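Observations on the three-dimensional arrangement
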Amino acid sequence: MKLFILTLLVVLLASCKPGTPSQYIQPDDMEDILVDYHLARALTHNRDVPYDSVPYYQALCLQAVWKKHGITQEQFDSSMVYYYMRADRFEAMYKRVAARLEERALILGATEGEIGKYSSLKTTGDTANIWADRTRMAMMPIPPYNRWDFTIEIDSTFQRGDSFLMQFVCDYIYQDGSRNGVVYLACTYEDDKGKDTTIARNLHFLSTGISQLNFPEYDDGDIKKLRGFFYLGDGSDRSTTVRILFLNNVQFIRFHKKRSETKKDSLQQDSIPVEGGTAVADTVSAGDSIGGGQPLVPADSGTAADRVAARRGRPLPR
């Protein structure tokens, strides 16, 4: 009897769980619309049009999205506010949206411009994309959804003197308020005496488009720890207006330092017979100097022997 009462209570509680009011777009439909919404915005920014014409083309693309799903922009905006005010549900929805957009990385511009130069890189090699975290993320200026921490795993492929590039595409969906996105990166090095040194860099990105944070090489220690975070500020006042930062195509590129190799100066031996049977080299190293340290400048005409003799300021032996 007790088991029956307990089961009945569970069923009643489940049936009383509030759903999405009918005046708003339902979750599954909203998810489909958000996928198309981001695709439309990405396609707009990939167009080869002047920057001041982007809003016009974006409006056309979004009108196509509203027409496809049989909704108005007002319905979309009000539904966005409804879900935005329920941040936990909204974050879960955006995770699914991001996963679906992963499958359409090409459409989102994964092979376009600067962001595409490293899209096909593997995780090894002199230049490698070593990002292993999510490549897409939605953020809101509301804790805990306003911060995304990450750590780069250090392994034997890292070398002293490596440099890095963090790059991504950001898309601000703001109804009002200031945009204040930050990416922070810190690298800890250990020198030959076991002493740690930490170097940090940060970048504020305030508009939609590609953002890049360069991290310079450091030769005085081995890389011990590499970590950072994305942060979306200006969220102390919870409002009913939508403020979303959508990050996509996140990449973290590692560059091995090019090691200079000592090369022997190669002299081109145009064996030209001269008096005494000695051959004279046709080329002289640019580093050689005669008469006050001035570099040698090749003559425009004459044989190899003529040119060398002219450089040395003496006539050819006859």
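First, a word on scope: everything that follows refers to the structure included in this document. (Residues numbered from 1 in each chain as written. Predicted model: local features only at pLDDT ≥ 70, side-chain atom pairs only at ≥ 80, totals over all residues. Heavy atoms only, no water.)

Let's shift gears to helix α4 (residues 73-84). Here α4 contains 12 residues, and its C-alpha end-to-end distance of 16 Å stays within 8% of the 16 Å for a straight helix at 1.5 Å per residue. Burial in α4 covers these residues: Phe76, Ser79, Met80, Tyr82, Tyr83 and Tyr84. (Helix = DSSP H or I, 4+ residues; strand = E, 2+ residues; numbered from the N terminus. Expected span 1.5 Å × (residues − 1). Buried < 20%, exposed > 50% of the residue type's maximum accessible area, 1.4 Å probe, protein only.)

Close contact between α4 and helix α5 (residues 87-102) brings their axes to 7 Å; oriented N to C, the two are set at 110°. When the interaxial angle is binned, α4 and α5 end up roughly perpendicular. Contact with α4, carried on its side by Met80, Tyr82, Tyr83 and Tyr84, involves Ala87, Arg89, Phe90, Met93 and Tyr94 of α5 and no other residues of that element. Residues that form the contact of α4 with α5 fall into these classes: eight nonpolar, no polar and one charged. (Axes fitted to C-alpha atoms, helices over the stretch in contact; angles between N-to-C directions. Parallel < 35°, antiparallel > 145°, perpendicular 65-115°, else oblique. Contact = heavy atoms within 4.5 Å. Nonpolar A, V, L, I, M, F, W, Y, C, P; charged D, E, K, R; others polar.)

Taken together, the four strands give an open sheet; going across it, the order is β3-β8-β5-β6, and neighbouring strands pair in antiparallel fashion. Every interior strand has two partners, whereas the edge strands, β3 (147-152) and β6 (196-205), have only one. On average, adjacent strands in this sheet sit at an angle of 15° to one another, irrespective of strand direction. Bridge count between strand β5 (residues 181-190) and strand β8 (residues 222-232): 10 bridges; the pairing is antiparallel. Along β8, the bridge assignment pairs alanine 186 with arginine 227. (Pairing = 2+ DSSP bridges.)

The next thing to look at is the nonpolar core. Soluble globular proteins tend to bury their nonpolar side chains together. Met166, Phe168, Phe205, Phe230, Leu247 and Phe252 are the most contacted members of the largest nonpolar core, which totals 32 residues. Among the secondary structure elements, those contributing two or more residues to this core are β2 (137-139), β3, β4 (163-174), β5, β6, β7 (209-215), β8 and β9 (243-255). Ranked by residues supplied to this core, first place goes to β4 with six residues. In contact with leucine 247, not counting residues within four places along its chain, are Thr135, Arg136, Met137, Met139, Trp148, Phe168, Val169, Cys170, Phe205 and Phe230. (Core = buried A, V, L, I, M, F, W, Y, C linked by side-chain atoms within 4.5 Å.)

In this section: unusual backbone geometry. Residue proline 144 is reached from proline 143 by a cis peptide bond, and omega for that bond is 0°. Mapped onto the elements of the fold, proline 144 is located in the loop between β2 and β3. Residue asparagine 249 is not a glycine yet carries a positive backbone phi of 55°. Topologically, asparagine 249 is positioned in strand β9. With relative accessibility at 7%, the residue asparagine 249 sits in the buried group.

A word on α5. The terminal C-alpha atoms of α5 lie 22 Å apart, and with 16 residues this matches the ideal 22 Å at 1.5 Å per residue to within 8%. Residues of α5 that are buried: Ala87, Phe90, Met93, Tyr94, Val97, Ala98 and Leu101. Projected down its long axis, α5 carries its buried residues within an arc of 145°, all on one side. (Arc of directions from axis to C-beta.)

A separate point is the pairing of β8. Relative to β8, β3 is paired through six bridges, and the arrangement is antiparallel. Note on β8: the bridge partner recorded for phenylalanine 150 is glycine 228.

Let us now look at the packing of aromatic side chains. This structure, assessed with the given rule, holds 22 aromatic pairs. Seen in terms of ring centroids, tryptophan 131 and phenylalanine 150 are 5.1 Å apart; in terms of plane orientation they differ by 70°. Their pairing is edge-to-face. With tryptophan 131 in the loop between β1 (127-129) and β2 and phenylalanine 150 in strand β3, this residue pair connects regions lying 19 residues apart in the sequence. Considered together, tryptophan 131 and phenylalanine 150 belong to a single accessibility category, that of buried residues. With a centroid separation of 5.8 Å and an interplanar angle of 50°, the aromatic rings of phenylalanine 150 and phenylalanine 230 are classed as tilted. Highlighted residues: phenylalanine 150 in strand β3 and phenylalanine 230 in strand β8, separated in sequence by 80 residues. Across the pair, exposure class does not vary: phenylalanine 150 and phenylalanine 230 are buried alike. Ring pairs connect the aromatic residues Trp131, Trp148, Phe150, Phe168, Tyr172, Tyr174, Phe205 and Phe230, which therefore count as one cluster. (Phe/Tyr/Trp six-rings, centres within 6.5 Å; stacked < 30°, edge-to-face > 60°.)

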